Amino acid sequence: MNDTSIFKSWVPNWAIIIILFVCLLHSMILLGVYTSNVTYAASFLDIEPEDLQFAMCVTYGTLLATILIEGRFSSFFPTKNYLMMVYSLIGITIVSSAYITNFAVFLLMRVAEGILMALPVITIRQLLIERFHSKNAIIIGFSFYYGSLLLSTPFIMNIAVWFLDHYDWKYMLYVSGMLQVLNVFLILVTFKGHRITKKIPLYQIDWMSYFLILTSILCGAYFFVYAEKKYWFESSQMVLMLMISLITGGLFIFKELLVKRPSFNFEVFKYANLRIGFLLFFLFYISRATLSLCHGAMYSIWNWDPSRVAGVQYINGFGNVIGLILGAIFLMKSMSTKYIFMIGFSLIAVFHFWFTFLFVPDVSLSDIIIPYVLQGIGVGLLFVPLILFTTSSVPANMAVSSGIVGVSGRFWGSTIGFCIMQNAVVFLNKKHFLKLSQFVTDSSAETQETLAKTSQSFMAKGYSLDESNTLALKKVFSTVAKQSTLLTNMEIYTIVGYGLVVLIILIALNQHLRQTVDLVKSRIWIG
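Residues numbered from 1 in each chain as written. Predicted model: local features only at pLDDT ≥ 70, side-chain atom pairs only at ≥ 80, totals over all residues. Heavy atoms only, no water.

Next up on the list: the overall build of the protein chain. From N to C terminus, the protein chain includes 20 helices and zero strands. The buried share among the 527 residues of the protein chain stands at 54%. Long-range pairs, those at least 24 residues apart, make up 86% of the contacts in the protein chain between residues at least 6 apart in sequence. Carbon together with sulfur atoms contributes 68% to the accessible area of the protein chain, which is approximately 23,400 Å² in total. (Helix = DSSP H or I, 4+ residues; strand = E, 2+ residues; numbered from the N terminus. Buried < 20%, exposed > 50% of the residue type's maximum accessible area, 1.4 Å probe, protein only. Contact = heavy atoms within 4.5 Å. Areas by Shrake-Rupley, 256 points an atom, 1.4 Å probe, with all protein chains shown as cover.)

Printed below as a string of structure tokens:
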């Protein structure tokens, strides 16, 4: 792809880079606009939090599948018209979703958003990469871009909290849609109208492979998101979803291995770095999933209001910025990726061990700030090196396939990470609650004393004796439930911490990790 004449002559290079970055950040809005405030979005649509998690998987999973065929669309249309059309549709889709309350229709909209997220990615990314002419410029540019995606959650969450305090939630979607108008305007003003690639007919799109892999991804995501709620294999629906996912996934692999020009080149798995990168991405996202337990404790245990929780996430974001800067410096200094990975995962392990002792009934912000920042540094330090390590380890002609592997690691890591945390929390909470409830008995003097004091406090507020006794009992069991949650979080964080220690040892012993990332070998990455 040659972009030397796609931009109008009066547009300076620095302005082109900014414009392309702005156009890429639309994915930050589409991924974060609903997940930024799960409780409110779920209540607005009258659905459960699991449903919203599945909706996010639908968007990301559709994006993953659409990357396979995106190149056909971008090659068929002139670049300027193609991008303006896509961003216009994104804006219409976002605004339209403000008026949807039916969950089935909402899921269809999320499929459309996933497709629209994927369509401009490769074109814009390649145009951006070709603006950089040195290794350091590539590292800095992509650290900024991926850092923006990494910081999207606290950024959009704080915007969401502000909107909910001052306006109706729909206005946030209106603003998100209007930002796409800005993209259309920038492209209209700065792009020329000619095409930059050879025109490829749309009938050459491998629709069969697309629908097979999309079905496999969505059914697999449905299985992992709802498995705990529907009691795993006791549900015929779960069995059916898993069977469909495995069958369609198997047919996709079989078809791609047989055809002469596959949509996905399975030859990429011959490269050890890519296989290792996929596994590390998968484990990285599972270890990140524990942060939701920390935020849950802020809401339900420490009783912090949403605005405070949103503000606290900026502290973690500050750690992400530090980690991204360190990661960029290490890459520019050609530090061994093995050492970068060991440092990053070590910081996340320290966070888990440290936070194990912070799951108590009440903490102050000063207590959590250091481990909270360390987690952010570890995540920021790992993110860009992992992406570049995974996708730059294969020849340039397999770049799209290697990028899909990287996205797959992040998608399945986050989806299965949600499933693991969900099941672990339910199982351990039940275990600890039953164990602690054994001490709440009539024969326990401490229990009776606590019930008497609590009942008297309710009677002092004007409740009757029976009402006071009932409320006192509820409060005691509420305390037991909170203690069970704290013990559950401690146990999960300890297990994940030890798991990360094992991973660090395996990384140290691994002989396939190359010394540095070869940024020149592959000049395209999918994020």
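Proteins that are soluble and globular tend to have nonpolar side chains buried together. By size, the foremost hydrophobic cluster in this structure holds 141 residues, and its most contacted members are Phe284, Met298, Trp302, Phe345, Phe355 and Ile368. Ranked by the residues each element gives to this core, the list is headed by helix α17 (residues 365–391), at 14 residues. The contacts of Ile368, once residues within four sequence positions are left out, are Met298, Trp302, Trp304, Val312, Phe355, Leu358 and Val363. (Core = buried A, V, L, I, M, F, W, Y, C linked by side-chain atoms within 4.5 Å.)

Below, the discussion takes up the side chain of Lys338. Following the sequence through the fold, Lys338 ends up in helix α16 (residues 337–356). A distance of 3.4 Å separates the side chain of Lys338 from the backbone oxygen of Ala508, its partner in a polar contact. (Polar contact = N/O pair within 3.5 Å; in protein donor to acceptor, adjacent residues only side chain to side chain.)

Let us now look at the packing of aromatic side chains. Geometry of an aromatic ring pair is reported as the spacing of the ring centres plus the angle between the planes. Under the criterion given, the structure shown has 24 aromatic pairs. An angle of 50 degrees between the planes, with centres 6.3 Å apart, marks the rings of Phe284 and Phe383 as tilted. Note that Phe284 is positioned in helix α13 (residues 272–288) and Phe383 in helix α17, a separation of 99 residues in sequence. With a relative accessible area of 0%, Phe284 lands in the buried category. (Phe/Tyr/Trp six-rings, centres within 6.5 Å; stacked < 30°, edge-to-face > 60°.)

Let us now look at helix α11 (residues 207–226). Compared with the 28 Å implied by 1.5 Å per residue over 20 residues, the 28 Å span of α11 between its first and last C-alpha is a close match. Within α11, 15 of the 20 residues are buried, leaving the element largely enclosed by the surrounding structure. (Expected span 1.5 Å × (residues − 1).)

Our focus in this paragraph is a nonpolar patch on the surface. A surface patch of nonpolar side chains, amounting to about 660 Å² of accessible area, comprises Trp14, Ile18, Val22, Val175, Leu179, Leu182 and Phe185. For the nonpolar patch, the secondary structure elements donating two or more residues are α1 (13–24) and α10 (170–190). The element contributing the most residues to the nonpolar patch is α10, with four residues. Within the fold, Val175 resides in helix α10. On the basis of relative accessibility, which here comes to 40%, the residue Val175 falls in the partly exposed class. (Patch = residues over 30% accessible without salt bridge, like charges linked within 9 Å, V, L, I, M, F, W, Y side chains within 5 Å. Salt bridge = Lys/Arg side-chain N within 4 Å of Asp/Glu carboxyl O.)

End to end, helix α12 (residues 236–258) covers 33 Å across 23 residues, agreeing with the expected 33 Å (1.5 Å per residue, within 8%). One side-chain oxygen of the residue at the start of α12 lies 3.2 Å from the amide nitrogen of Gln237, identifying that residue as Ser235.

As a further point, take the environment of Leu274. Secondary-structure assignment places Leu274 in helix α13. As for Leu274 and Ser402, which are separated by 128 residues in sequence, their C-alpha atoms are 7.3 Å apart.

A few words on the packing of α13 against α17. One way to put it is that α13 packs onto α17 with a least axis distance of 9 Å and a crossing angle of 155 degrees. With respect to α17, the element α13 is oriented roughly antiparallel. In the crossing of α13 with α17, the sense of the turn from one axis to the other is left-handed. Along its contact with α13, which presents Asn273, Leu274, Ile276, Gly277, Phe278, Leu280, Phe281, Phe284, Tyr285 and Arg288, the element α17 presents Val379, Leu382, Phe383, Leu386, Ile387, Phe389 and Thr390. In the contact of α13 with α17, the residues fall into 13 nonpolar, three polar and one charged. (Axes fitted to C-alpha atoms, helices over the stretch in contact; angles between N-to-C directions. Parallel < 35°, antiparallel > 145°, perpendicular 65-115°, else oblique. Left-handed = near helix turned anticlockwise from the far one by under 90°. Nonpolar A, V, L, I, M, F, W, Y, C, P; charged D, E, K, R; others polar.)

Attention shifts here to the environment of Ile17. By the element assignment, Ile17 lies in helix α1. Residue class for Ile17 comes out buried when judged on its relative accessible area of 16%. Measuring from C-alpha to C-alpha, the distance between Ile17 and Ile129 comes to 9.2 Å, with 112 residues separating the pair along the chain.

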